[in-house]
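Survey of secondary and tertiary structure
In case you want the letters, here they are:
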Amino acid sequence: MDASPPRGTGMPGADRDPDRSRTVVVTGLGAVSPLGWSLESLWEGLRAGRTAVGPFDRFDHTGHRTHIAAQVDLALEPRRARGKPRRISAADRFAVAAARSAVARAGLDPRDRCERTGMYFGSTTGGMLETEAYLSTLLASASGRLRPPAASLLASQQNNGPADAVARELGIGGPVQTVSAACASGAMAIGDAIQAVRRGEVDVAIAGGSDALCRLTYAGFNALRAVDERPCRPFRADRAGLSLGEGAAALVLEPLERAMARGARPLALAAGEAATCDAHHMTSPHPEGHGAAAAIRAALSDARLDPEAIDFVNAHGTGTPLNDAAECAALVAVFGDRTADLPVTSTKALVGHLLGSAGALEAVATILCLLHGEVHPMPDDGQPDPGLPLRLILGRPLRLERARHALSTSLGFGGANAALVFTRLGDPDLAG
Amino acid sequence: MRAEAVVTGLGTIGPFGQGREALARALAAGKPAVAEVDRRAGVHRETGARLAGLVRDRDLSRWIAPAAGRRMCFPSKLAVAAARMALAEAGLDAADTGASRLGVYLSTTFGAGLFTELLLKQVFLEGAETAQPFYFSECVANAPAAQLAIAVGARGPNMMLTQRESGPILAVARAAQAVREGRVDRALAGAVEEVTPLLHALLDRFGALALPSSGRAEMPRPFDRRRDGFLAGEGATVLVLEREDAARARGARALARIGWSGAGFDSTAGVSDWGDGHAPLAAALRAGLDEVPGGVAGIGAVVSGASGTRRGDLLEARVLRASWSGDPLPPLLVPKAVTGEYGGGILAPALLALEGASFGPTPGFAEIDPEVDVAPHSGAAQPAPERVLLTGLASGGGAAWLVLERAS
Amino acid sequence: MSESPAIRSRIKQVIVDALHLEGLVPQEIGDDAPLFGEGLGLDSVDALELVVALEKEFGVRIQSHEVGKEAFASVSALAAFIDGRLAAPGYRNAGS
């Protein structure tokens, strides 16, 4: 462990910022994904390496180039969130279910000193799905064909919708913020939450993200020809694009001392975080992954860990030709020769790209892998790209009982990058 | 000893024009610059709102070369232009800050309204294959922040917050934290919004906007008895933030020091409305102000995020009165009565207030509402405040506050 | 069949309009000047935007693997490509 002041966090001189004194732990997890509405179903699907990307019916996609996505089964929603049905979006419902689950696992009642509980969430489209339906009807009404739809359908349109829905549902009184940083939103939200807990802004942070499939992103990524007709195959030689997915994930973060004092058993240490920007191009990553490498190095530095300490990587791994190459370049830049031995997986191969909640869902997946001592596989579909010197975990999980530290990366559209480092603390039965 | 963050540059564009002088003139005159919204698409209500605070002069070529801006949506252009304006005032070339040490912290409510609308229209009316890549790459809410990063080479953290009316304050607070904690050396922080005809029509259908009524022009009436909604406004404000000691060392003028900031949430709020939870919000605000030198008595003026909504203004008044515990409130400046809601928020007017800019009588206010029981600024001359409190209560429940103080 | 100057002229107009190349007169684009990388310096997103615009203008369908390759190297190359599409029997407006 590096005892000198952290590199890359810009701490002036040798002063330790007193705001860094609190160790942040994860005490609860929750997820709603195309693999199911529970954490158990998520882990079961991840372990099995079974992709949830396939035919979907959330909206009409004839006329698009692709016809698959990873969809949450709405019929399986366990208990409807409060709120008038028309005012609460699918993304809101995912968020509420995930957050409820995380908070229950953490053994917390958020109403307890609610002003000291905050929310740090990510979303890229909020209630866009419902807004599209509204807009379609409105446009038809302008031509006189239909009556204008009720404006209340738009209530939860903006990206702050999911986090606000959770805050209202759980009675939260502390800071509530939603960040929109495209694919890096969820990870940046967790990073913000870690900072907030460290500096004492809150005692409990619920961090995560939520996004639902919608026509805008489906059409948009297809317009960029970034979507594969087949389920995505990250880091493979014949990879041809991403697969879209939807869902939400939530983590409960608190200071270690507080968690111990109330008898909670932490699942993982939220050891390090960092965010950077490529400032290179609106849709393509920096080809050598400079911004991503900087984020990874800074997160490691923040965690006071050397690259050698990382036992596996949950990569951003979208399956687009450019992302995977850039991300590999970033990993090689940081891990050097070790890269070829470092287990790498991508949750997107199984649940698709959840956009604003991707980073959060992948953080949950990373922690589950640590707890279970296994790196979940990707479906064994296609040869690894010989130009990318990575150790891909395919077909079956990799047993890594001694895994202690893991890295999760997110490389966002528009160039925002985020990296998170988690350290195992708990046992599997705490997660399940 | 804690590092302090100061503002060393301000860039602002809105219905009032471009730059701080144009804003100062509008605030002094106490008149909103309004324009008729284009209702030809037929999605507006017949009897609905017709006016908005629109950026009339959309020529930003002084700040963005046409080649550089050719793929930018209007919010991206606004953000880049405002940022360059702020950097110029700060006496900084973008290259002066190591790229990895410059962060971007912006906020928006609706993102790229026009491009989103156009893309969806293509999908709905012409077919998925007509969807234009140009539109989509700008449709993500963080497009302005990403474009700004490319324009000035900012490789530090890049964050776009979406928290409605609290967003601008949260963005500045986050940027200040990053500067103080040494995560970045400098930050560009602010807010951006565009108001399209469709967005205006939707806000109106939602009942959010001030309405015309017989014999009376539609007008936002903050805290007034007859208030019935806000004026939608577009624009952008960007501030340059850096450490106070670094600013002094390079001889830069600090426009303000970032003081206490706080945030909370009123879970009694409806999805798109303000709630009744003023007591916990006031407790949070009061606890924060008690940490400020002089406490509430040290606040020379409140720069309020009120905008003329029935429940938003009521909540704001209750929170302030409870925080001041019955003591008289300082002057209540309401810039959104002039600039409209959204746009660059109240950030630029707050800096001008600290500098002693004169604010005219609050437009639209004529009669106290007994339930609200506060009167906004009358236009009477005031000494320049030492310290101002910015407030941002968001529909849906978010709340944020920020103290700015003079950094002589 | 060699393509007509009219097609090249239309392509140049589409390039200027679709890619918002303000201030560039279509005739100033050389027939054989490189469009991507150097020359006009267009990038991958410009290529995709151009595809949408060309599909609309000429009623042809351009497959993903064709984008950005030799067919897109210059106005002349594009003209030959489109001309070939228009001439192919039954190809016009074929579905995906």
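Everything that follows concerns the structure shown earlier in this document.
Right, let's walk through the structure included here. (Residues numbered from 1 in each chain as written. Chains lettered and ligands numbered in written order. Predicted model: local features only at pLDDT ≥ 70, side-chain atom pairs only at ≥ 80, totals over all residues. Heavy atoms only, no water.)

What to know about the overall build of chain B
- In terms of regular secondary structure, chain B is built from 13 helices and 15 strands.
- A compact globule built from 408 residues would reach a C-alpha radius of gyration of about 22 Å, and chain B, at 20 Å, matches this within 12%.
- For chain B, with 408 residues in total, the buried portion stands at 66%.
- Pairs at least 24 residues apart make up 79% of the contacts formed inside chain B by residues separated by at least 6 positions.
- Element-wise, carbon and sulfur atoms account for 51% of the exposed surface of chain B, whose accessible area totals about 13000 Å².
- When the 42 positive and 43 negative side-chain charges of chain B are each reduced to one mean point, those points stand 2 Å apart. (Helix = DSSP H or I, 4+ residues; strand = E, 2+ residues; numbered from the N terminus. Rg over C-alpha atoms; globule rule 2.2 N^0.38 Å. Buried < 20%, exposed > 50% of the residue type's maximum accessible area, 1.4 Å probe, protein only. Contact = heavy atoms within 4.5 Å. Areas by Shrake-Rupley, 256 points an atom, 1.4 Å probe, with all protein chains shown as cover. Lys, Arg positive; Asp, Glu negative; His and termini not counted. Charge placed at Lys NZ, Arg CZ, Asp CG, Glu CD.)

Side note on the overall build of chain A
- Tallying secondary structure elements over chain A gives twelve helices and 15 strands in all.
- The globule rule puts the C-alpha radius of gyration for 432 residues at 22 Å, and the 20 Å found for chain A is close to it.
- Principal axes of the C-alpha set define a box for chain A whose edges measure 70 × 55 × 40 Å.
- For chain A, the residues scored as buried account for 69% of the 432 residues in total.
- When the accessible surface of chain A is summed, it comes to about 13600 Å², and 51% of that surface belongs to carbon and sulfur atoms.

Brief notes about the packing of aromatic side chains
- For the structure shown, the criterion picks out eleven aromatic pairs over all chains.
- Site record: aromatic cluster; members linked through ring pairs are Phe56, Phe59 and Tyr218 of chain A.
- We note Arg58 of chain B situated over the ring of Phe74 of chain B; from NZ or CZ to the ring centre the distance is 3.7 Å. (Phe/Tyr/Trp six-rings, centres within 6.5 Å; stacked < 30°, edge-to-face > 60°. Lys NZ or Arg CZ within 6 Å of the ring centre and 35° of its normal.)

Notes on the side chain of Thr217 of chain A
- Note that Thr217 of chain A resides in helix H6 (residues 215-223).
- A residue is classified by how much of its surface remains accessible, and Thr217 of chain A, at 6% relative accessible area, is buried.
- If we ignore the near neighbours within four places in the chain, the residues touching Thr217 of chain A are Thr125, Leu244 and Leu355 of chain A together with Phe136 of chain B.

Quick word on the state of the cysteines
- According to the stated counting rule, one finds zero disulfides over all chains in the structure shown.
- For the unlinked cysteine Cys277 of chain A, the closest cysteine sulfur is that of Cys183 of chain A, found at 12 Å.
- No disulfide involves Cys73 of chain B; its sulfur sits 8.0 Å from that of Cys139 of chain B, the nearest cysteine.
- Residue Cys73 of chain B is classed as buried on the basis of its relative accessible area, which comes to 1%. (Disulfide = S-S within 2.5 Å.)

A look at the packing of H6 of chain A against helix H4 (residues 113-126) of chain B
- Relative to each other, H6 of chain A and H4 of chain B sit at 85°, their axes nearing to 10 Å. Classified by the angle between their axes, H6 of chain A and H4 of chain B sit roughly perpendicular to one another. Contacts from Arg215, Leu216 and Ala219 of chain A of H6 of chain A reach H4 of chain B at Thr116, Leu119, Leu120, Val123 and Phe124 of chain B.
- Grouping the amino acids of the contact of H6 of chain A with H4 of chain B by side-chain chemistry returns six nonpolar, one polar and one charged. (Axes fitted to C-alpha atoms, helices over the stretch in contact; angles between N-to-C directions. Parallel < 35°, antiparallel > 145°, perpendicular 65-115°, else oblique. Nonpolar A, V, L, I, M, F, W, Y, C, P; charged D, E, K, R; others polar.)

Regarding the nonpolar core
- Within the largest apolar cluster, 100 residues are counted, with the highest numbers of intra-cluster contacts made by Ile190, Leu253 and Phe422 of chain A together with Leu241, Leu390 and Leu404 of chain B.
- Top element by residues in this core is helix H11 (residues 358-372) of chain A. It accounts for eleven residues.
- Once you skip the residues sitting within four places of it in the chain, Leu404 of chain B turns out to touch Ala256, Arg257, Ile258, Ala350, Leu351, Leu354, Glu386, Arg387, Val388 and Leu390 of chain B.
- The next biggest cluster of nonpolar side chains, apart from the first, holds 75 residues, and it includes Ala223, Val227 and Leu355 of chain A together with Val14 of chain C. (Core = buried A, V, L, I, M, F, W, Y, C linked by side-chain atoms within 4.5 Å.)

Quick word on the interface of chain A and chain C
- Contacts between the two partners involve seven residues from chain A, matched on the other side by eleven residues from chain C.
- Regarding the contact of chain A and chain C, the summed buried area is about 650 Å², with carbon and sulfur atoms giving 45% of it.
- A salt bridge links Glu55 of chain C to Arg225 of chain A, with the nearest nitrogen and oxygen atoms 3.8 Å apart.
- In this structure, the connection of chain A to chain C is made through two residue pairs in polar contact (both at pLDDT 80 or more). (Buried area = accessible area lost by both parts, 1.4 Å probe. Salt bridge = Lys/Arg side-chain N within 4 Å of Asp/Glu carboxyl O. Polar contact = N/O pair within 3.5 Å; in protein donor to acceptor, adjacent residues only side chain to side chain.)

Here we look at the pairing of strand E6 (residues 158-161) of chain B
Residues and elements named next belong to chain B.
- Side chains Asn158 and Met160 project from E6 onto one buried face, and the interleaved Met159 and Leu161 project onto a second face that is buried too.
- Bridge count for strand E5 (residues 102-107) against E6 is four bridges, and the pairing is parallel. Bridging from a neighbouring strand, Tyr105 pairs with Met159 of E6. (Pairing = 2+ DSSP bridges.)

Details of the environment of Ser210 of chain A
- Secondary-structure assignment places Ser210 of chain A in strand E6 (residues 204-211).
- Placed 50 residues apart in sequence, Ser210 of chain A and Asn160 of chain A show a C-alpha to C-alpha distance of 10.0 Å.

Considerations on the environment of Gly235 of chain B
Residues and elements named next belong to chain B.
- Structurally, Gly235 is set in strand E9 (residues 235-243).
- Judged by relative accessible area, which is 0%, Gly235 ranks as buried.
- For the pair formed by Gly235 and Val195, sequence separation is 40 residues and the distance between their alpha carbons is 8.7 Å.
- Sequence-distant contacts of Gly235, defined by excluding residues within four places in its chain, comprise Ile13, Gly14, Val55, Leu78, Ala191, Val192, Glu193, Gly343 and Gly344.

Describing the pattern of salt bridges
- Scanning the model with the defined rule gives 60 salt bridges over all chains in all.
- Across the salt bridge formed by Glu132 of chain A and Arg215 of chain A, the nearest N and O atoms sit 2.7 Å from each other. Taken together, the positions of Glu132 of chain A in helix H3 (residues 128-142) and Arg215 of chain A in helix H6 put the pair 83 residues apart, joining distant regions of the chain.
- Accessibility expressed as a relative area gives 0% for Glu132 of chain A, which makes it buried.
- Between Arg101 of chain B and Asp185 of chain B there is a salt bridge; the shortest N-O distance is 3.0 Å. Residue Arg101 of chain B is found in the loop between helix H3 (74-89) and E5, and its partner Asp185 of chain B is found in the loop between helix H7 (167-180) and strand E7 (186-193); the two are separated by 84 residues along the sequence.
- By relative accessible area, Asp185 of chain B is classed as partly exposed at 38%.
- Within the structure, one salt-bridge network assembled from shared partners comprises Asp192, Arg199 and Glu201 of chain A together with Arg174 and Glu181 of chain B.

Examining the pairing of strand E1 (residues 24-32) of chain A
Residue and element names in this part refer to chain A.
- Within E1, nine of the nine residues are buried, leaving the element largely enclosed by the surrounding structure.
- Pairing between E1 and strand E7 (residues 247-255): eight bridges, direction antiparallel. When the sheet's bridge partners are listed, Gly28 is paired in E7 with Val252.
- When E1 meets strand E8 (residues 268-277), the two strands line up antiparallel, connected through two bridges.

Points about the interface of chain A and chain B
- Counting residues at the interface gives 69 residues for chain A and 64 residues for chain B.
- Summed over both sides, the interface between chain A and chain B buries roughly 5500 Å², with carbon and sulfur atoms accounting for 62% of that surface.
- Together, Arg168, Leu216 and Met282 of chain A form the three largest contributors to the area buried by chain A at its contact with chain B, with a combined 12%.
- Seen at the junction of chain A and chain B, the total is four salt bridges.
- Among the salt bridges present, the one from Glu273 of chain A reaches Arg183 of chain B, with a minimum N-O distance of 2.8 Å.

Quick notes on the side chain of Arg239 of chain A
All names here are of chain A.
- In this fold, Arg239 is placed in the loop between H6 and E7.
- Polar contacts involving the side chain of Arg239 include one to the main-chain carbonyl oxygen of Arg236, which spans 3.0 Å.
- A polar contact of 2.9 Å, which involves the side chain of Arg239, links it to the backbone oxygen of Pro321.
- Beyond its immediate sequence surroundings of up to four residues, Arg239 is in contact with Arg233, Gly319, Thr320, Pro321, Asp324, Ala325, Asp385 and Leu388.

Section: H3 of chain A
- The terminal C-alpha atoms of H3 of chain A, which comprises 15 residues, lie 20 Å apart, in line with the 21 Å expected from a rise of 1.5 Å per residue.
- Turning to H3 of chain A, its buried residues are Met128, Leu129, Thr131, Glu132, Tyr134, Leu135, Leu138, Leu139, Ala140 and Ser141 of chain A.
- Among the structural elements, H6 of chain A together with H4 and helix H8 (197-205) of chain B are those in contact with the buried residues of H3 of chain A.
- Positive backbone phi, approximately 85°, marks Gly144 of chain A, located one or two places after H3 of chain A. (Expected span 1.5 Å × (residues − 1).)

Examining unusual backbone geometry
- Backbone geometry places Arg304 of chain A, a non-glycine residue, at a positive phi of 60°.
- Position of Arg304 of chain A among the secondary structure elements: in the loop between helix H8 (290-302) and strand E9 (310-314).
- On the basis of relative accessible area, Arg304 of chain A is assigned to the buried category, the value being 15%.
- Here the phi dihedral of Phe223 of chain B falls at roughly 65°; this positive angle occurs in a residue that is not glycine.
- The topology assignment puts Phe223 of chain B in the loop between H8 and strand E8 (232-233).
- Judged by relative accessible area, which is 0%, Phe223 of chain B ranks as buried.

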